[in-house]
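A closer look at the structure
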Amino acid sequence: MNSAPALWRSRGIAAWLLWPLSMLFGLVAAVRRAAFAAGLLRSTRLPVPVVVVGNIIAGGAGKTPLTLHLARELSARGYRPLIVTRGYGGEADTPHPVSADGDATRSGDEAVLLARRSGVPVWQGRQRAAAALAGLAAHPECDLVLCDDGLQHYALARDIEIAVVDRRGLMNRLLLPAGPLREPPARLRTVDAVVLNGTAEALASGQPTFRMRLEGRVFHRLDAPERTADAQDLRGLRLHALAGIGEPARFFDHLRALGLNFVAHPFPDHHVYQPQDVAFPECDALLLTEKDAVKCHGLLSTPIWVLPVEARLDPDLAAFVLGRLAELKHGSTSS
């Protein structure tokens, strides 16, 4: 839980001192939403349905593994998704395809991870609508767009919204910068579904709610992916674990649940690793998330073990999305 600024965890003096700025932030956000709703600002409507996976809290909450889950499940059930992502941490401005061996510096760590794991085309761009249009032009067989993040990116019209909340919940429930929220808690009442990641507390949003857990027990060597190991193989080694994700503690707790002892090194989300970040004395191996691993090739000779995770949803979120898509298709044909 310590990955969030301390002032966001309660409504203390610091939070109240920043509250006027939060009110200004909320006013600007509300005016912007209203401008899109009234047509004063233009939203791009794509020729295929758009499913947005996002959150209302600053930082990661588990959107990328959920997007991967939906990409695989919807592909298995007949759809041909295209994934579109902002590519946070990437340097490229113009829309471009992301390959499995792509450069995380150019496209962003999450974009490269999506390309490696999803099995579907992935396009990245600062303007998601432009990236989606370019991706659909390059892949006319795609009949659905999955937008990784982008709940607040109203320039891209969407058909289904899914909001992810992790175990941090909404913390002090204040808007940035006094709190962690990009939009007010009431925004969760307007999405199509809320996904609670891990031990997240249930929220009274009134919307369909799904539980997500991330499972992973088998590690892969970064320099030789065909080599695998489980926790038993790694016990007894001097281990250091690194995580530059929205909530590093979530990864460390996962490792502890596997029975591993290690020294934990949390980093900011989307951290760009340097050799000095991953060089530790008395270290036999490093343990990394997949998101971090895409940025650590060739940094040092110490063995790096990567832990892939899979999202499990209860009940079946993909079936819910398929139902909503069927409703949308029926509505369009009826009209």
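Structure shown above.
The structure contained in this document is the topic of the report that follows. Being a predicted model, the structure only gives us computed values, none of them experimental. (Residues numbered from 1 in each chain as written. Predicted model: local features only at pLDDT ≥ 70, side-chain atom pairs only at ≥ 80, totals over all residues. Heavy atoms only, no water.)

Points about the environment of Leu222
- Assignment of secondary structure puts Leu222 in the loop between β9 (219-221) and β10 (224-229).
- Each C-alpha atom, one on Leu222 and one on Leu196, is 30 Å from the other, the two residues being 26 residues apart in sequence.
- Excluding anything up to four places from it in sequence, Leu222 contacts Ala293, Cys296, His297, Ile304 and Val306. (Helix = DSSP H or I, 4+ residues; strand = E, 2+ residues; numbered from the N terminus. Contact = heavy atoms within 4.5 Å.)

Some details on the nonpolar core
- By size, the foremost hydrophobic cluster in this structure holds 34 residues, and its most contacted members are Leu66, Leu70, Ile162, Val195, Leu313, Leu317 and Val321.
- With residues near it in sequence (within four places) discarded, Val321 still touches Val51, Leu70, Leu74, Ile160 and Ile162.
- By size, the runner-up hydrophobic cluster in this structure holds 26 residues, among which are Trp123, Leu136, Ala163 and Leu196. (Core = buried A, V, L, I, M, F, W, Y, C linked by side-chain atoms within 4.5 Å. Buried < 20%, exposed > 50% of the residue type's maximum accessible area, 1.4 Å probe, protein only.)

Focus on the packing of aromatic side chains
- Counted by the stated rule, this structure contains six aromatic pairs.
- Seen in terms of ring centroids, Phe252 and Phe262 are 6.0 Å apart; in terms of plane orientation they differ by 40°. Their pairing is tilted. Within this pair, whereas Phe252 is found in helix α7 (residues 248-257), its partner Phe262 is found in the loop between α7 and β12 (263-266), the two being separated by ten residues in sequence. With respect to class, Phe252 is no different from Phe262; both count as buried.
- Their ring planes at 70° and their centres at 5.1 Å tell us that Phe267 and Tyr273 sit as a pair that is edge-to-face.
- For Phe267, a relative accessible area of 17% puts it in the buried group. (Phe/Tyr/Trp six-rings, centres within 6.5 Å; stacked < 30°, edge-to-face > 60°.)

Observations concerning the sheet that holds strand β6 (residues 160-165)
- Judged by pairing direction, the sheet is mixed, and its nine strands sit side by side in the order β3-β4-β2-β5-β1-β6-β7-β8-β15 without closing on themselves. Looking at the sheet topology across the chains shown, the edges are occupied by β3 (96-97) and β15 (310-314).
- For β3 and strand β4 (residues 122-124), the ladder comprises two bridges, and the chain directions are antiparallel. Note on β4: the bridge partner recorded for Pro97 is Trp123.
- Sitting on the sheet, helix α2 (residues 63-76) touches β1 (50-54), β2 (81-85), β5 (144-148), β6, β7 (193-197), β8 (209-215) and β15, and the angle it makes with β5 is about 165°.
- Contacts from helix α5 (residues 128-138) reach β2, β4 and β5, with the element oriented near 150° to β2. (Pairing = 2+ DSSP bridges. Axes fitted to C-alpha atoms, helices over the stretch in contact; angles between N-to-C directions.)

A look at the environment of Pro81
- Note that Pro81 resides in strand β2.
- It is 9.1 Å that separates the C-alpha atoms of Pro81 and Leu70, two residues lying eleven residues apart in sequence.
- Not counting the four nearest positions on each side in its chain, Pro81 is found in contact with Ala71, Leu74, Ser75, Val120, Pro121, Cys142, Asp143, Leu144 and Leu146.

Looking at the pairing of β5
- With five of five residues buried, β5 lies mostly within the body of the structure.
- Going residue by residue along β5, you find Leu144, Leu146 and Asp148 tucked away on one face and Val145 and Cys147 tucked away on the opposite face as well.
- Relative to β5, β1 is paired through four bridges, and the arrangement is parallel. Each bridged residue has a counterpart across the sheet, and for Val53 the counterpart in β5 is Asp148.
- As paired strands, β2 and β5 are joined by five bridges and run parallel to one another. If you follow Pro81 over to β5, its bridge partner there is Leu144.

Things to note about the packing of α2 against helix α4 (residues 109-118)
- The interhelical angle for the contact between α2 and α4, taken along N-to-C directions, is 30°, at an axis separation of 10 Å. One finds that α2 runs roughly parallel with respect to α4. For α2 against α4, the interelement crossing comes out right-handed. Contacts from Thr64, Thr67, Leu68, Ala71 and Arg72 of α2 reach α4 at Glu110, Leu113, Leu114, Arg117 and Ser118.
- Partitioned by chemical class, the residues of the contact of α2 with α4 number four nonpolar, three polar and three charged. (Parallel < 35°, antiparallel > 145°, perpendicular 65-115°, else oblique. Left-handed = near helix turned anticlockwise from the far one by under 90°. Nonpolar A, V, L, I, M, F, W, Y, C, P; charged D, E, K, R; others polar.)

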